[in-house]
Amino acid sequence: MLRIAQTLEAQLRAAMQQAFPEADGELNPALGPASKPEFGDFQANGALALAKPLKQAPRQIAAAIVEQLRNSPEFSALAEAPDIAGPGFINITLKPSVLAAEVRQRIGDPRLGVAAVEQAEAPVIVDFSSPNIAKEMHVGHLRSTIIGDCLARVLEFRGHQVLRLNHVGDWGTQFGMLITHLKQVAPEALNTADAIDLGDLVAFYREAKKRFDDDEAFQTTSREEVVKLQGGDATSLKAWGLLCDQSRREFQKIYDRLDIRLSERGESFYNPQLPAVVDDLRDSGLLVTDEGAGCVFLEGVVGKEGKPLPLIVQKSDGGFNYATTDLAAIRYRLGAAGDGAERVIYVTDAGQAAHFAGVFQVAKRAGWVPAAASLEHVPFGLVQGDDGKKLKTRAGDTVRLKDLLDEAVERAQADLRRRLEEEERQESDSFIDQVATTVGLAAVKYADLSTNRITNYQFSFERMLALTGNTAPYLLYAVVRISGIARKGGALDGELPEQLVFEEPQEWALIRQLLQLDAVISEVESDLLPNRLCTYLFELSQSFNRFYDQVPVLKADEPMRSSRLALCRLAADTLKLGLSLLGIPSLERM
RNA sequence: GGGCAUGUAGCUCAGUUGGAUAGAGCGUCAGAUUCCGGUUCUGAAUGUCGGGGGUUCGAGUCCCUCCAUGCUCGCCA
């Protein structure tokens, strides 16, 4: 309905201009969706803002605008006569014939009325997931991976050329630590593939980190090891390559399971560009050496004792750090010699907000950000347990992502088996496996996506797997119900009747909901808030269930039967598309 | 101490450029079922939108202040 909204907006603007030519320039219809169904489809609040400059009562202004609209044949073709309500709202209700025509247009359309961007222009980069090599993926990677994938899917569906980049932590101090430690305790791991398994590697990593924190000599050796690696030392590079390969295969198992596609381009990719980044900063006069480190002092950010806060781009030992890498990445991603992107989206936890603000500022001051390009940090909150604290295992360890997904699927399966028993249903093991896997993983994804990402999020298997409420199972069930109608003889892809006939309020409510899809997707595209899409799909499911409960489909007479089947088809297609944009596959039965 | 974020019903959370009587789910209570999968639907109760001030015709939304919680503050990422 975006197209209709745009048309109405233009008509309202013209009506305002005709009614109040003297107020030209500040006329804004303030058109939005109606705040309640009883107010119609749209409401225009523009009359209220004009009260002061025009020195007239807002209702009087609204009346003058409505008068113009009534005289407009173009407006009358779209909408009923508008109402004036409250202090001066103009309520607009679309004609049933217009809504029915919109429905008809969407049926069978693979894009369901969602426009694609004009041209495949410069790419959009979504930087997400980004685990660290030599570590297992844990609950801390969950949100970035799921949210980033969803945003990428939405942008891709809109027709953007999306680069899904996995900025893995495959470089830096951590490798110095790990390689130094392994040289001493498990040297075979540094020249033989898979000499030790990943679980052990993680344990070694923990030990190395502990030594690094406690032992100054070890710290120095580790730093030297980093410099060797960054300098291209053959032995170090080989060891590094082996560790990366091993981790990469483990990550891929998780990505395959979650159906997530990513192109790996780790921190190491930017290594050759780091000296040039610092040189550029020096040439542009931004670089200051302070306490032996290469710094760019940030504008508008004050640290302790009123001193400006530096962004360190070269450590006093000559090494580079993550700020340097992130700057190199920006330069490469936005630069014509690199990706030439127009928008770069970083999906990382909110704790890094200050870091990105600093890096973005320096990149802009260095002139690496073209006017048309944008850098956006998409922050999200912590995953917390039921106790409101950071999620941990009972033993107090970090929760491995694999274990978390396993448990979700196991719980979904136990729940399914119990229900099958209660209902005395017989299903094959492969059916049970497939449904439990889909439901379990869908529940994890949906629970994460359905809350506003900025706040912390309380993780609860029980809540996310619940069959009622705003959960993945509830949405999946709505799709299953429609499939049920198809199985019982309702050909969903049958010929459309000459005229679609709708007469029940539940049908109109469902139609209005269905026609919101394009507006919701465009909102997610700009605000990068997947929970808006979730809310929409949940409300759509509710509208459908109300319709399903109160309006018979298969038993109805023609032409209502065909019209209702068409609504079912559009509802199923919309739900399936919406779920797929969340990264969730649908089921025929469950 | 500085910066950023958060604070909305018993619980988990929505609330889109400031707009009509602040919403939903869960839970609670009361109902519905000859019917396409009841994993459903209908209805009820529940609020100092953290406190206080301000701007405005109008504030959960913007500004100031205070309180609480979390994150962060120079060589990890």
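Residues numbered from 1 in each chain as written. Chains lettered and ligands numbered in written order. Predicted model: local features only at pLDDT ≥ 70, side-chain atom pairs only at ≥ 80, totals over all residues. Heavy atoms only, no water.

What to know about the nonpolar core
- Counting 159 residues, the largest nonpolar core has I65, L182 and L582 as the members making the most contacts within it.
- When residues of this core are assigned to their parent elements, the largest contribution, 12 residues, is made by helix 15 (residues 429-449).
- Excluding residues within four positions of it along the chain, L582 makes contact with C150, R153, K445, Y446, L449, L533, C534 and L537.
- L165, V278, L281 and W368 belong to the second-largest nonpolar core, a separate cluster that totals 33 residues. (Core = buried A, V, L, I, M, F, W, Y, C linked by side-chain atoms within 4.5 Å. Buried < 20%, exposed > 50% of the residue type's maximum accessible area, 1.4 Å probe, protein only. Helix = DSSP H or I, 4+ residues; strand = E, 2+ residues; numbered from the N terminus. Contact = heavy atoms within 4.5 Å.)

Describing the domain arrangement of chain A
- In terms of domains, chain A is made up of domain 1 (2-94), domain 2 (124-139 + 157-166 + 267-343 + 350-376) and domain 3 (173-264).
- In this complex, domain 2 contributes 18 residues to the contact, which on the side of domain 3 involves 22 residues.
- Counting the surface lost from both domain 2 and domain 3, the interface buries some 1,900 Å², and carbon and sulfur atoms represent 60% of this.
- Counting the surface domain 2 buries against domain 3, the share from its top three residues, I133, A134 and R164, is 35%.
- The interface formed by domain 2 and domain 3 includes 0 salt bridges. (Domains from an automatic or database assignment. Buried area = accessible area lost by both parts, 1.4 Å probe. Salt bridge = Lys/Arg side-chain N within 4 Å of Asp/Glu carboxyl O.)

Looking at helix 3 (residues 58-70)
- Relative to the 18 Å expected for 13 residues at 1.5 Å per residue, helix 3 spans 18 Å between its end C-alpha atoms, a close match to the ideal helical length.
- Among all positions of helix 3, only I61, A62, I65, V66 and L69 are buried. Along the axis of helix 3, the buried positions cluster into a sector of 135°, meaning they face one direction only.
- Looking at the buried side of helix 3, the elements it contacts are helix 1 (2-19), helix 2 (46-54), helix 4 (73-78), strand 3 (83-85) and strand 4 (89-92). (Expected span 1.5 Å × (residues − 1). Arc of directions from axis to C-beta.)

Re the packing of aromatic side chains
- Tallying each qualifying case throughout the model produces 13 aromatic pairs.
- Considering the side-chain rings of F459 and F461, the 5.0 Å spacing of their centres and the 90° angle between planes classify their relative orientation as edge-to-face.
- By relative accessible area, which is 5% here, F459 ends up buried.
- Classification of F461 as buried rests on a relative accessible area of 12%.
- Consider the rings of F502 and W508, whose centres lie 5.8 Å apart with planes at 75°: the pair is edge-to-face. (Phe/Tyr/Trp six-rings, centres within 6.5 Å; stacked < 30°, edge-to-face > 60°.)

Considering the sheet that holds strand 8 (residues 288-290)
- Read from one edge of the open sheet, 3 strands run 8-9-10, paired in antiparallel fashion. Strands with a single pairing partner mark the edges of an open sheet, and in this sheet they are strand 8 and strand 10 (308-314). Taken over all neighbouring pairs, the strand axes of this sheet differ in orientation by 55° on average, direction set aside.
- Lying on the sheet, helix 13 (residues 353-365) is in contact with strand 9 (293-302) and strand 10; it crosses strand 9 at an angle near 105°. (Pairing = 2+ DSSP bridges. Axes fitted to C-alpha atoms, helices over the stretch in contact; angles between N-to-C directions.)

Overview of the protein's contact with RNA strand B
- Neighbouring RNA strand B are 66 residues; E267, K315, Y322, Y477 and Y548 lie closest to it.
- Take the atoms of RNA strand B that sit within 4 Å of the protein: sugar and phosphate atoms are 60% of them.
- Within the backbone of E291, an N or O atom sits 2.9 Å from a base nitrogen of RNA strand B.
- At a separation of 2.8 Å, a base oxygen of RNA strand B approaches a polar backbone atom of S316.
- Of all the elements in the fold, those that place two or more residues in the surface near RNA strand B are helix 2, strand 4, strand 9, strand 10, helix 17 (472-487) and helix 20 (530-550).
- Ranked by residues supplied to the surface near RNA strand B, first place goes to helix 20 with 9 residues. (Near = heavy atom within 4 Å. Polar contact = N/O pair within 3.5 Å; in protein donor to acceptor, adjacent residues only side chain to side chain.)

Regarding the sheet that holds strand 1 (residues 31-33)
- Read from one edge to the other, the open sheet built from 4 strands follows the order 1-2-4-3, with strand pairing classed as antiparallel. The open sheet has two edge strands with one neighbour each: strand 1 and strand 3. Direction aside, neighbouring strands of the sheet carry axes that sit 30° apart on average.
- Here 3 bridges tie strand 2 (residues 42-44) to strand 4, and the two strands are oriented antiparallel to one another. Within strand 4, the position partnered with A44 by the bridge is I90.

A word on the packing of helix 6 (residues 142-157) against helix 15
- Taken N-terminus to C-terminus, the directions of helix 6 and helix 15 make an angle of 85°; their axes are 10 Å apart at the nearest point. Between helix 6 and helix 15, the interaxial angle falls into the category roughly perpendicular. Facing helix 6, whose interface residues are L142, R143, I146, I147 and C150, helix 15 presents V444, K445, D448 and L449. (Parallel < 35°, antiparallel > 145°, perpendicular 65-115°, else oblique.)

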